Amino acid sequence: MRRHLLPALAVVVSLAPLVATGQTAPPPAGPQRPAYEPQLLRLSELMGALHYLRALCGFADAPVWRDKMNELIDGQGLDQAGKERYAGAFNRGYRTYSETYRGCNEAAAKVIRDYLAESGAIIKDLDSRYGR
């Protein structure tokens, strides 16, 4: 995924009305999450599952999925909490299949095919909505 594919969204909040009325500002909220974050979290989970299953089934590209995950995290300019959300989704995808699949079989191969298709659909959708 290209690093510039999903630009960070800036949110500007004006506190002028609060200052003018003498009210205190609300406690600072965490950074605004982009509208597309649920799709990226799902993509992260899929990449974790693919990282495990591709290795289990002997595909040489298994390490690529962790590399792609690191690129995704780096490309989003996330704070520590954001990095933990994305890494958590990746690890959840990995762990889910590592706890249930001990060998490559037709079911694992089907999950790989389905998850590759779903990943491609997510990327295509995000690119058409938010890409440059």
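Not measured: the values here are computed from a predicted model. (Residues numbered from 1 in each chain as written. Predicted model: local features only at pLDDT ≥ 70, side-chain atom pairs only at ≥ 80, totals over all residues. Heavy atoms only, no water.)

The next thing to look at is the overall build of the protein chain. Check the secondary structure of the protein chain and you find five helices and zero strands. Reading the protein chain from its N terminus to its C terminus gives the helix and strand order α-α-α-α-α. Surface summary for the protein chain: the accessible area is close to 8,200 Å², and the carbon and sulfur share equals 56%. (Helix = DSSP H or I, 4+ residues; strand = E, 2+ residues; numbered from the N terminus. Areas by Shrake-Rupley, 256 points an atom, 1.4 Å probe, with all protein chains shown as cover.)

Let us now look at the packing of helix 3 (residues 62-76) against helix 4 (residues 80-98). It is at 10 Å that the axes of helix 3 and helix 4 come closest, and there the two elements cross at 160°. In terms of their interaxial angle, helix 3 and helix 4 are classed as roughly antiparallel. Relative to helix 4, helix 3 is oriented so that their crossing is right-handed. Here helix 3 contributes Trp 65, Arg 66, Met 69, Leu 72 and Ile 73 to the contact with helix 4, which in turn contributes Lys 83, Tyr 86, Ala 87 and Phe 90. In the contact of helix 3 with helix 4, the residues fall into seven nonpolar, no polar and two charged. (Axes fitted to C-alpha atoms, helices over the stretch in contact; angles between N-to-C directions. Parallel < 35°, antiparallel > 145°, perpendicular 65-115°, else oblique. Left-handed = near helix turned anticlockwise from the far one by under 90°. Contact = heavy atoms within 4.5 Å. Nonpolar A, V, L, I, M, F, W, Y, C, P; charged D, E, K, R; others polar.)

What the rule picks out here adds up to one disulfide. Between the sulfur of Cys 57 and that of Cys 104 lies a disulfide, 2.0 Å long from S to S. For the disulfide bridge between Cys 57 and Cys 104, the dihedral angle about the S-S bond is near 95°, and by the sign convention the bridge is right-handed. On the criterion of sequence distance, the pair formed by Cys 57 in the loop between helix 2 (37-56) and helix 3 and Cys 104 in the loop between helix 4 and helix 5 (106-130) is long-range, its members being 47 residues apart. (Disulfide = S-S within 2.5 Å.)

Our focus in this paragraph is helix 5. The terminal C-alpha atoms of helix 5, which comprises 25 residues, lie 36 Å apart, in line with the 36 Å expected from a rise of 1.5 Å per residue. Considered for burial, the residues of helix 5 that qualify are Ala 108, Ala 109, Val 111, Ile 112, Tyr 115, Ser 119, Ile 122 and Leu 126. Looking at the buried side of helix 5, the elements it contacts are helix 2 and helix 4. Capping the start of helix 5 is the job of one residue whose side-chain oxygen sits 3.0 Å from the backbone nitrogen of Ala 107: Asn 105. (Expected span 1.5 Å × (residues − 1). Buried < 20%, exposed > 50% of the residue type's maximum accessible area, 1.4 Å probe, protein only. Polar contact = N/O pair within 3.5 Å; in protein donor to acceptor, adjacent residues only side chain to side chain.)

Within the element layout of this structure, Ala 89 appears in helix 4. Looking at Ala 89, the relative accessible area reads 0%, which means it is buried. Along the sequence, Ala 89 and Leu 40 sit 49 residues apart, while their C-alpha atoms lie 9.4 Å from each other. In this view, Ala 89 contacts Leu 41, Ser 44 and Glu 45; residues no more than four positions away in its chain are not counted.

Inspection of the secondary structure puts Ser 98 in helix 4. Relative accessible area serves as the criterion here: at 16%, Ser 98 is assigned to the buried category. Here Arg 95 takes part through its backbone oxygen, which lies 3.1 Å from a polar atom of the side chain of Ser 98.

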